[in-house]
Amino acid sequence: MSKADINSQPTTNKNVSRVKKLYQRADKGILALCLVFILTLPLYTPRIYASDEIQYFSYLHSVVFDFNLDFTNEYEYFISINPKKYEGFKKDLLDKKNENNLPINVAPIGSALLWSPFYLTAHGISSLGNAMGIKAFNPNGYSPFYIFSVTFASLLYGFAGIIMCYLLAREFLSRFWAAFGCIIIWLASPLIFYMSITPPMSHANSLFTISLWVFVWHRTRGWKLEETGRFVPGKRSLKAWFALGVLGALMTMVREQDGTVMVVVAIEALLSYRVSLRERNWSEVRRLFSGNLLLVAGLIVGIIPQLLTYQFLNGHPSPSTIVGNKLRFLNPQLLGLMIDPNHGMFLWSPVLIPSMAGIIMMWFNRKLRLISILLFAAWLAELYISASFLTWTMAGSYGARRMVGVSLVYIVGIGYLGWWLTEHRRLLARWVVVGLGVLFIAWNFGVIVQFSAIRDEQSRQNLDPARVVRDQFTVVPGKLIDTAAKFFTKREDFFKK
C-alpha cells in the first residue's frame with residue numbers, strides 16, 4: 001500500500017462516517033417520500049392539453065407578453081395545434097364573450113401566481129439562450145421549456161404538499177404510519193394522476209395550498225383538549241391570524257371552492273368564544289375578536305389580485321356569471337358524488353373508504369376527537385361545494401378531481417386506521433396492512449391504464465363498476481407492456497380526450 005493510500009484512508013472513513021450520521025439524523029419518513037418521488041418521475045408528463053390547463057396557462061403568457069387579459073391570441077395558438085380537437089373549446093371560450101366582451105376564462109389566477117417564478121425563470125433563460133444564438137431556446141412563451149417550467153412547478157408543489165401532509169400527520173401518528181398514509185393516498189388515489197400525468201391542472205397546487213394552510217393553522221393553534229375532554233383555548237399570535245388570512249386567500253385563488261376549508265378556523269373560534277364567554281374572560285374575547293378581524297383583513301388583502309383580475313377580465317370584481325350558473329347550493333348531489341355507480345368517488349378510488357373510516361374512528365380517541373371533527377368538517381365542506389356543481393359528475397375526469405386538494409384528510413385517516421389495526425387491537429400484522437395498501441395502489445394503476453389507454457372518450461364519461469372489475473383481470477394485464485411502450489415512446493398520444 002502506498003503512502004498516498006494510507007493517508008487517504010482517514011479522509012474516506014470520515015466521509016463515510018458523516019454520511020452515516022446524516023442518515024441516522026434524517027427523518028426516515030421524508031427519505032421514503034423522496035424515494036417515491038424519484039421513482040414516480042418517469043410518469044411526469046410535461047404538456048398542456050385540456051381546456052382548463054389552457055385557461056390556467058394563458059394568464060401567464062397574456063400578462064408577460066401582451067400586458068393584458070385578452071386571451072384571444074393564446075386561445076388561437078392552442079386551437080391552431082389541433083383545430084378539430086379544440087372545436088368545443090373555440091365555441092365555448094373564444095367565440096363566446098364575457099360580460100366585458102373578452103374571451104371567457106373561468107379559471108382563477110392562483111395556479112398562474114404559483115407558476116410565475118418558474119415561468120419567468122424559463123423566459124429569462126430562453127431569452128438569454130436565444131441572444132447567444134442557441135436555436136433550442138425560443139422565447140415565445142409557448143416553447144417546450146415554458147411548458148416544462150409550469151408543469152414541473154406543479155409537480156414540485158404537489159410533492160411539497162405531500163411533505164406538509166406528512167409533517168402534520170406525524171403530530172398524531174408515528175413516522176411509519178404518517179409516511180404510509182402519504183404513500184398510499186399518493187399512489188392509490190387520483191392524486192398521482194393529477195400530480196404527474198396531468199400536472200397543468202390546478203389540483204397539485206390545490207393540495208399544496210390547502211396543506212400549507214392547515215399546517216400553519218395547526219402549528220399556531222395553541223388550544224388543547226384536557227383528559228376530561230374540556231376544550232382549552234389557545235393564544236395564536238396576531239401575526240399568525242393575519243398569515244392565515246393571506247394563505248386562505250391564496251388557497252381560494254388556486255381553486256375558489258378551497259376557501260371552504262377555512263370552516264376549520266370558524267369552528268375553532270366558536271369553541272374558543274364559548275369557553276371565554278362562559279368564564280367571562282373579556283380580555284380573551286377581545287383578543288380573539290382582534291385575531292379574527294386580522295384573519296379577515298389578511299383574506300381581503302390576499303384576495304386583491306384575484307378581485308383586480310375579475311375587474312379587468314369580467315368588468316366587475318367577481319367571478320363570471322358562467323361560474324355562478326353552474327352551482328345549485330340547495331340541491332347538492334352528495335350521495336351521487338360519493339357512491340353513484342357511474343361517477344362515485346369511492347368507486348373510482350376504493351382506498352378512500354378505509355381512509356374516511358379512519359377519520360371517523362379518530363373520534364373515539366379522546367385526544368384526537370376534535371382533530372377528527374375538524375378534518376371531517378373540512379372534507380365535508382369540499383364535498384358539499386363539489387356536489388353543488390351542475391357538473392358534479394366531472395365527466396371525462398379521472399375520479400373525483402375536485403376532492404384531490406383535501407388529500408390530507410385521507411392521509412391522516414388511512415394512517416390512523418393502519419396504526420389502529422396493528423397496534424391498538426392487533427387485528428392484523430403490519431406487513432398485512434402494507435400489503436393491502438399495495439393492492440390498493442395496483443388497483444389504482446390498473447384503473448389509470450383503463451382510463452388512459454383502453455377507454456375511448458365516450459366510455460370515459462362514466463364508470464361502469466362491473467366492467468372495470470372485469471377488465472382489471474382480463475384486459476389490463478395484456479395491455480401493460482403495450483401501454484408502457486406507448487407511454488414512454490409516444491407520450492403525446494397518451495390520454496387523449
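An account of the accompanying structure is given in this report. (Residues numbered from 1 in each chain as written. Predicted model: local features only at pLDDT ≥ 70, side-chain atom pairs only at ≥ 80, totals over all residues. Heavy atoms only, no water.)

The next thing to look at is empty space enclosed by the protein. Gaps between atoms show up when a probe of the same size as a water molecule is rolled over them. Following the criterion strictly, the structure yields seven cavities of 30 Å³ or more and no others. In this structure, the largest cavity occupies an estimated 100 Å³ of space. Lining the largest cavity are 15 residues, with Leu168, Val214, Trp217, Leu375 and Leu408 sitting closest to its centre. The set of elements that each furnish at least two residues to the lining of the largest cavity consists of helix 10 (203–220), helix 18 (369–388) and helix 19 (407–424). Classifying every residue of the lining of the largest cavity gives 14 nonpolar, one polar and no charged. (1 Å grid on protein atoms, 1.4 Å probe; cavity = no way out; pocket = protein on both sides within 12 Å on 5 of 7 lines; lining within 4 Å. Points joined across faces, edges and corners; volume = space filled by probe spheres on them. Helix = DSSP H or I, 4+ residues; strand = E, 2+ residues; numbered from the N terminus. Nonpolar A, V, L, I, M, F, W, Y, C, P; charged D, E, K, R; others polar.)

Moving on to unusual backbone geometry. Located in the positive-phi region is Phe67, a residue other than glycine, with phi close to 60°. Mapped onto the elements of the fold, Phe67 is located in the loop between helix 3 (51–66) and helix 4 (72–81).

Attention now goes to the environment of Leu293. For Leu293, the position within the fold is in helix 13 (residues 282–314). For Leu293 and Cys34, which are 259 residues apart along the polypeptide, the C-alpha to C-alpha distance reads 39 Å.

Two side chains of opposite charge can pair, provided their charged atoms sit close to one another. As enumerated under the stated definition, the model contains twelve salt bridges in all. For Arg470, the salt bridge identified is with Asp471, shortest N-O distance 3.9 Å. Among the residues examined, Arg470 registers a relative accessible area of 46% and is labelled partly exposed. Given the relative accessible area of 6%, Asp471 is considered buried. (Salt bridge = Lys/Arg side-chain N within 4 Å of Asp/Glu carboxyl O. Buried < 20%, exposed > 50% of the residue type's maximum accessible area, 1.4 Å probe, protein only.)

Looking at the element boundaries, Ser111 is found in helix 6 (residues 110–131). Classification of Ser111 as buried rests on a relative accessible area of 0%. Aside from chain neighbours lying at most four places away, what touches Ser111 is Tyr56, Ser202, Asn205, Met253 and Val254. (Contact = heavy atoms within 4.5 Å.)

Here Arg221 shows up in the loop between helix 10 and strand 1 (224–225). Put simply, Arg221 is tucked away with no salt bridge, and the nearest opposite charge, on Glu171, sits 6.0 Å away. A polar atom in the side chain of Arg221 sits 2.4 Å from the backbone oxygen of Trp223. Arg221 has contacts with Gly234, Lys235, Arg236 and Glu268, leaving out every residue within four places of it along the chain. (Lys, Arg positive; Asp, Glu negative; His and termini not counted. Polar contact = N/O pair within 3.5 Å; in protein donor to acceptor, adjacent residues only side chain to side chain.)

Another aspect to go through is the environment of Ala378. Tracing the backbone shows Ala378 in helix 18. Sequence spacing of Ala378 and Val214 is 164 residues, and the spatial spacing of their C-alpha atoms is 9.8 Å.

In terms of nonpolar packing, the biggest core is built from 142 residues, with Leu33, Trp186, Trp213, Trp217, Met345, Trp379 and Tyr410 touching the most fellow members. Broken down by element, this core gets its largest block of residues, 15 residues, from helix 7 (residues 144–169). Dropping the residues within four chain positions of it, Trp186 is found in contact with Leu33, Val36, Phe37, Thr40, Phe159, Ile162, Leu191, Ile192 and Met195. (Core = buried A, V, L, I, M, F, W, Y, C linked by side-chain atoms within 4.5 Å.)

A few words on the environment of Cys34. Structurally, Cys34 is set in helix 2 (residues 28–40). The class of Cys34 is partly exposed, set by a relative accessible area of 31%. It is 41 Å that separates the C-alpha atoms of Cys34 and Pro103, two residues lying 69 residues apart in sequence.

Turning our attention to the packing of helix 12 (residues 263–278) against helix 13. Running from amino to carboxyl end, helix 12 crosses helix 13 at an angle of 160°, the nearest separation of the two axes being 9 Å. Overall, the two elements helix 12 and helix 13 adopt an arrangement that is roughly antiparallel. Along this stretch, helix 12 crosses helix 13, giving a crossing that reads as left-handed. Across from Val265, Ala269, Ser272, Tyr273, Ser276 and Leu277 in helix 12, the residues of helix 13 making contact are Trp282, Glu284, Val285, Leu288, Phe289, Asn292 and Leu295. Grouping the constituent residues of the contact of helix 12 with helix 13 by class yields nine nonpolar, three polar and one charged. (Axes fitted to C-alpha atoms, helices over the stretch in contact; angles between N-to-C directions. Parallel < 35°, antiparallel > 145°, perpendicular 65-115°, else oblique. Left-handed = near helix turned anticlockwise from the far one by under 90°.)

Moving on, we come to the packing of aromatic side chains. Using the criterion set out here, one finds 34 aromatic pairs in the structure. Seen from their ring centres, Phe329 and Tyr384 are 6.4 Å apart, and the 25° between their planes marks the pair as stacked. Taken together, the residues Phe329 in the loop between helix 14 (321–324) and helix 15 (334–339) and Tyr384 in helix 18 connect sequence positions 55 residues apart. Its relative accessible area of 41% is what places Phe329 among the partly exposed residues. An aromatic cluster is present here, built from Phe57, Phe65, Tyr77, Phe78, Tyr119, Tyr142 and Tyr146 joined pairwise through their rings. A cation over a ring is seen here: Arg430 above Phe176, with NZ or CZ 4.0 Å from the ring centre. (Phe/Tyr/Trp six-rings, centres within 6.5 Å; stacked < 30°, edge-to-face > 60°. Lys NZ or Arg CZ within 6 Å of the ring centre and 35° of its normal.)

None of the figures reported here should be taken as evidence of function without further support.
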